[in-house]
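Residues per chain are reported as follows:
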Amino acid sequence: YGNFIDDLRLYVRGGAGGMGYPRLGGEGGRGGDVWFVARERITLKSIKDRYPQKRFVAGTGANSSVKALKGEKGKDCEVPVPPGISILCDDGKQIGELNAAGERFLAARGGLGGSLATNFMPCKGQKRIVHLDLKLVADVGLVGFPNAGKSSLLSKISHAKPEIADYAFTTIQPELGKIMYADYKQISVADLPGLIEGAHANKGMGHKFLKHVERTKQLLLVVDISGFQLSFKTQFRTAFETILLLTKELELYKEELLTKPVLLAINKMDLPCAKDNLNELMRQLQNPQDFLHLLQEEMIPANTLEFKDIIPVSTYTGEGIEELKALIRKSIDEEAEQKNEEYRKKKLLLLQTSE
């Protein structure tokens, strides 16, 4: 999985409280808290490198004394984490998430200081083991089988420079690129490691790949027009079968993924016979129900994907690349407008009901 880390286990402990002062009824200071703070340009790998012990302990509260009957609170411990983090307990239960820079989460609370209620004895801070689970936050997620040309496509439409080779598993770690437009708008695109049949059951990169699809706003399916075969031991799949299998993998992993807006890029249009294959594929996509008998029953998805646009492209000749960038932009803008409209309607409804 390369140097990319998307899961990190940490020990966090709030500071203990300070001692009370029984003779004068003094209260010890509260222990410090441990906070996770979302920051840009932070990765889980940088946290691991910087804090190899992976232990975060807040400061102890000050003892009560004759000079200061109310002890000072212990120093808080702030841990910078990347946006897009889910925070899980050791038993796998989610206790919080941070999606945007600046958001904070209280990971471990400090103990109370000694007071009359505690017989002037301080309390210990909360301690627990947490998992930071990263899901990439991107506008568009590239989905496709190995060798569909996702990395080449990412390098053509954005400023990312992923490694590209002509064997099946080139991409072993997610790559993030940004599409730059003439009016300075930027759209982030995540190229995710190639899915294989059975990924929902954690074959290949399985869940490590699929979980990153959850936080992308839209999906861009990338399909090789000439079909796909992982190795000589596995069955050859046509472009149409590939689309159905990708849909099935997404559906089996999490059905709500199919509710996201989807674009389809049909790649490698520079190959011989590509035009004939494209005509055949378009015919199949218009009436997918008529061609489902080509696949075994367990591979047929319950719902077929509705594509907003279908764009034939060639990363080799550059055909369709500019059109694809324009359509991605249009799709993202439409979705943003729709969200704004829903928000305005909700506000209006709240105002009307309050009146």
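Please read these numbers as outputs of a predicted model, since none were measured by experiment. (Residues numbered from 1 in each chain as written. Predicted model: local features only at pLDDT ≥ 70, side-chain atom pairs only at ≥ 80, totals over all residues. Heavy atoms only, no water.)

Visitor: What exactly am I supposed to notice about the pattern of salt bridges here?
Guide: Enumeration over the complete set of coordinates arrives at 22 salt bridges. With a closest N to O distance of 3.0 Å, lysine 45 and aspartate 49 form a salt bridge. Taken together, the positions of lysine 45 and aspartate 49, both in helix H1 (residues 44–50) and 4 residues apart, correspond to about one turn of that helix. Between glutamate 251 and lysine 248 there is a salt bridge whose closest N-O contact spans 4.0 Å. With a gap of 3 residues between them, glutamate 251 and lysine 248 both fall in helix H4 (residues 239–253), about one helical turn apart. For the pair glutamate 251 and lysine 248, one class covers both residues: buried. Through salt bridges with shared partners, a single network forms among Arg30, Asp33, Lys73 and Asp76. (Salt bridge = Lys/Arg side-chain N within 4 Å of Asp/Glu carboxyl O. Helix = DSSP H or I, 4+ residues; strand = E, 2+ residues; numbered from the N terminus. Buried < 20%, exposed > 50% of the residue type's maximum accessible area, 1.4 Å probe, protein only.)

Visitor: It is not clear to me how a nonpolar patch on the surface should be interpreted in this structure. Could you clarify?
Guide: A surface patch of nonpolar side chains, about 260 Å² in accessible area, is lined by Leu24, Val66 and Leu69. Position of leucine 69 among the secondary structure elements: in the loop between strand S3 (55–57) and strand S4 (77–81). (Patch = residues over 30% accessible without salt bridge, like charges linked within 9 Å, V, L, I, M, F, W, Y side chains within 5 Å. Areas by Shrake-Rupley, 256 points an atom, 1.4 Å probe, with all protein chains shown as cover.)

Visitor: Hey, could you run me through a positive patch on the surface in this one?
Guide: On the surface, Arg13, Arg55, Lys124 and Lys127 cluster together to form a positively charged patch. By relative accessible area, lysine 124 is classed as exposed at 76%. (Lys, Arg positive; Asp, Glu negative; His and termini not counted. Charge placed at Lys NZ, Arg CZ, Asp CG, Glu CD.)

Visitor: What am I meant to see in the sheet that holds S4 here?
Guide: In a beta sheet, neighbouring strands are held together by backbone hydrogen bonds and run either parallel or antiparallel to one another. Spatial ordering of the open sheet is given by S4-S2-S7, a layout of 3 strands whose pairing is mixed. Of all the strands in the sheet, the pair left with one neighbour each is S4 and strand S7 (104–108). Neighbour-to-neighbour, the strand axes of the sheet open up by a mean angle of 30 degrees, direction not taken into account. Relative to S7, strand S2 (residues 34–38) runs antiparallel, the two being bridged by 4 bridges. Looking at S7, one finds that valine 37 is bridged to arginine 104. (Pairing = 2+ DSSP bridges. Axes fitted to C-alpha atoms, helices over the stretch in contact; angles between N-to-C directions.)

Visitor: Hey, could you run me through the packing of aromatic side chains in this one?
Guide: Remark: the centre distance and the inter-plane angle together describe each pair of aromatic rings, the angle taken between the planes. Scanning the model with the defined rule gives 1 aromatic pair in all. Their ring planes at 70 degrees and their centres at 5.0 Å tell us that tyrosine 51 and phenylalanine 56 sit as a pair that is edge-to-face. The class for tyrosine 51 is partly exposed, based on a relative accessible area of 26%. Judged by relative accessible area, which is 5%, phenylalanine 56 ranks as buried. One cation-aromatic arrangement involves arginine 329 over tyrosine 181; the distance from NZ or CZ to the ring centre is 5.1 Å. (Phe/Tyr/Trp six-rings, centres within 6.5 Å; stacked < 30°, edge-to-face > 60°. Lys NZ or Arg CZ within 6 Å of the ring centre and 35° of its normal.)

Visitor: For this particular structure, what's the right way to read the confidence of the model for the protein?
Guide: Detailed reading of the predicted coordinates is not advisable wherever pLDDT is low. Residues at a pLDDT of 70 or more form 89% of the protein, whose mean pLDDT is 84. Long-range and interchain partners of residues 164–171, a stretch whose pLDDT sits below 50, account for 20 contacts in this model, where long-range means more than four residues apart. (pLDDT = per-residue confidence, 0-100. Contact = heavy atoms within 4.5 Å.)

Visitor: Explanation requested: the packing of H4 against helix H5 (residues 274–286) in the structure shown.
Guide: Geometry of a packed helix pair, given as the angle between the helix axes and the separation of the axes. In contact at an axis separation of 9 Å, H4 and H5 are set at 40 degrees when each is read in the N-to-C sense. Here H5 runs oblique to H4, going by the angle between their axes. Of H5, the residues touching H4 (which contributes Ala239, Phe240 and Ile243) are Leu281, Gln284 and Leu285. When the residues that make up the contact of H4 with H5 are grouped by side-chain class, the tally is 5 nonpolar, 1 polar and no charged. (Parallel < 35°, antiparallel > 145°, perpendicular 65-115°, else oblique. Nonpolar A, V, L, I, M, F, W, Y, C, P; charged D, E, K, R; others polar.)

Visitor: Please clarify how the nonpolar core should be interpreted in this entry.
Guide: Within soluble globular proteins, side chains that are nonpolar tend to cluster in buried spots. One finds Val34, Phe36, Leu132 and Leu221 to be the most contacted residues of the largest nonpolar core, which totals 58 residues. No other element matches H4, which puts 7 residues into this core. For this core, the two domains that each supply at least three residues are domain 1 (7–134) and domain 2 (140–338). Contacts of leucine 132, omitting those with residues within four sequence positions, involve Asp6, Asp7, Leu8, Leu10, Phe36, Leu44, Val81, Ile85, Ser86 and Ile87. (Core = buried A, V, L, I, M, F, W, Y, C linked by side-chain atoms within 4.5 Å. Domains from an automatic or database assignment.)

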